[in-house]
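Residue strings, one per chain:
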Amino acid sequence: MSLTVVGSIAYDTVRTPFGARERMLGGAATHFALAASFFDQVRPVGPVGDDFTDEDLAILATRGTSTDDVERVAGGKTFFWEGEYGWDLNSRETIDTQLNVFETFQPKLSAAARASDVLFLANIQPQLQLDVLEACDGPRFTAMDSMNLWIDIARDDLVKVIERVDCVILNDAELRQLTEKPNLVSAAREVLAWGPSVVVAKQGEYGAALVTPTGFFALPAYPLETVVDPTGAGDSFAGGFVGWLAQNTAGSPTDEALRLAMAYGTAIASYNVEELGTDRVARLTIDEVNERVAEIQALTQFSLEVSV
Ligand code: AMP
C-alpha cells in the first residue's frame, strides 16, 4: 500500500522570536511526508531545482518515503517561501513566495504513485491538484489542503478539487473565506454539501475540529510549553491524520477512527513545532508518537460522574 502526496517541496526561510534559519528544507509535501511515513510508504510528487541538495533528498526519504516521483529540473530553482512570526505564533506574515519550478511543472506520475490507494493533495496550485487527481487510478480515500492565496486567485479550480475529494483539511479562517459563512459549523456543513464526507478545521494552537454528516468532535492541541517554529504544523497534522487512516482503515473511515486519527495528527504536529523546520520529526520515533497519543487521550477524557 502507498500514499501519494502532491504539494510544495521547498526551501523555507523562517524567523520566530525563538529561532531563525535561512533556506532550510520545508514545504507542505515534505512536512506531510515526514509525518505520514510512520504509517505507510509515502510518494511525494513534485519538482525541485538544481539547488536541492542530496542531504535534503535523504531527509525526504526518511522511514522509507520513495523519492522516485521527485523531479529534479535542470536549470530550475526550488520553490522558496519566507515567513516571519511575532510573539503570537498563531499569526504570521509571508515575506516572500517564489513558485520557481512549480510555475511550469507538469506532473508525470510513476505507475506506483498512480496506483496508490490513498491520495493527499497538499497545498499547491489547485490546477496541479486536479492534474494529480486526474492521473491517479481512483484512490479509495482522497484528502486535500489549500490556503487563502488559492481561494483569492483560483477559487473555481479549488472548488472543482473539493467536489472530488473525501476529506477537506483547512484552517478555520480559510473555511470561512471559502464559503463566505462566518460560522465555522455552517461553513463546514456547506463544504460537506459540495461532496466530501469529512471536514477538518485546523485552529492552530487551539487544536482542530472534525465535522462529518453524523458527528462533531474537537481536539485541543497538545499543551506544549515551548514552541519554536509552527511552520508545517498543519501539514504534519494532515500527515499523521491521513497516514494513520491509510494504515488502519479500509473503506470509509468511521467517526471513531477519524477521532483517533486526529490524536495521531495532533501528536506529530506538536513534535514538529518544538524545533525549527523538519529537525524534530525527522528523528522522531513511533514510540514517542504513541506515548503522546496516550497522553492526549488521558488529558481529554473525563467522566460525567463527579464527586463534589
Ligand atoms: P503550514 O505552516 O502548515 O501552513 O505550511 C508551511 C509550509 O507551506 C512551508 O514549508 C512552505 O514552504 C509552504 N508554503 C507556503 N506558501 C505556499 C504556497 N503558496 N504554496 C505551496 N506551499 C506553500
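Counting restarts for each chain, with residues numbered from 1 along the sequence as it is written. Where local features are concerned, this predicted model is filtered to residues with pLDDT of at least 70; where side-chain atom pairs are given and counted, the filter is 80 or more; whole-chain, interface and lining totals use all residues. Values reported for side chains reflect all heavy atoms of the structure, with hydrogen atoms and water molecules removed beforehand.

Colleague: What exactly am I supposed to notice about the sheet that holds strand S5 (residues 70–72) here?
Modeller: Backbone-to-backbone hydrogen bonds pair the strands of a sheet. The strands run either parallel or antiparallel. On the basis of which strands lie adjacent, the open sheet formed by nine strands has the order S5-S4-S1-S8-S9-S10-S11-S12-S13 and mixed pairing. Either end of the sheet is taken by a strand with one partner, and the two such strands are S5 and strand S13 (215–219). For this sheet, the mean inter-axis angle between neighbouring strands, taken without regard to orientation, is 15 degrees. Note on pairing: DSSP must find at least two bridges between two strands before they are called paired. The way it works is that DSSP assigns letters per residue, a run of H or I at least four long becomes a helix, a run of E at least two long becomes a strand, and they are numbered from the N terminus. Both strand S12 (residues 208–212) and S13 contribute to a ladder of five bridges, which runs antiparallel. Interaxial angles span 0 to 180 degrees and are taken between N-to-C directions of axes, which are lines fitted to C-alpha atoms, for helices over the stretch in contact.

Colleague: Before we go on, may I ask you to explain the nonpolar core in this structure?
Modeller: The tendency in soluble globular proteins is for nonpolar side chains to be buried side by side. Nonpolar core, defined: a set of buried Ala, Val, Leu, Ile, Met, Phe, Trp, Tyr and Cys residues in which side-chain atoms within 4.5 Å join the residues together. For each residue, the accessible area found with a 1.4 Å probe, counting protein chains only, is set against the maximum for its type, and the residue is called buried under 20%, exposed over 50%, and partly exposed in between. Counting residues in hydrophobic clusters, the biggest one holds 55 residues, and the most contacted among them are Phe-120, Val-200, Phe-241 and Val-242. Element by element, the count of residues in this core is highest for helix H10 (residues 255–272), at 10 residues. The contact rule is simple, with two residues in contact once any of their heavy atoms fall within 4.5 Å. If near-sequence neighbours (up to four positions away) are discounted, Val-242 is found in contact with Leu-3, Phe-32, Val-118, Phe-120, Ala-143 and Ile-169. Counting residues in hydrophobic clusters, the runner-up holds 41 residues, among them Leu-109, Cys-136, Ala-188 and Val-228.

Colleague: So what exactly am I meant to see when it comes to the packing of H10 against helix H12 (residues 286–300) here?
Modeller: Two packed helices can be described by the angle between their axes and the distance between those axes. Two elements in contact, H10 and H12, have axes separated by 9 Å at closest approach and are oriented at 115 degrees. Along this stretch, H10 crosses H12, giving a crossing that reads as right-handed. The residues of H12 that touch H10, namely those facing Leu-260, Ala-263, Tyr-264, Thr-266, Ala-267, Ile-268, Ser-270 and Tyr-271, are Glu-288, Val-289, Asn-290, Arg-292, Val-293, Ile-296 and Gln-297. Here the contact of H10 with H12 is composed, by residue class, of nine nonpolar, four polar and two charged. The handedness criterion is simple: a crossing whose near helix is rotated anticlockwise from the far helix by less than a right angle is left-handed, and one whose near helix is rotated clockwise is right-handed. Three classes are used, and their members are as follows: Ala, Val, Leu, Ile, Met, Phe, Trp, Tyr, Cys and Pro are nonpolar, Asp, Glu, Lys and Arg are charged, and the others, Gly among them, are polar.

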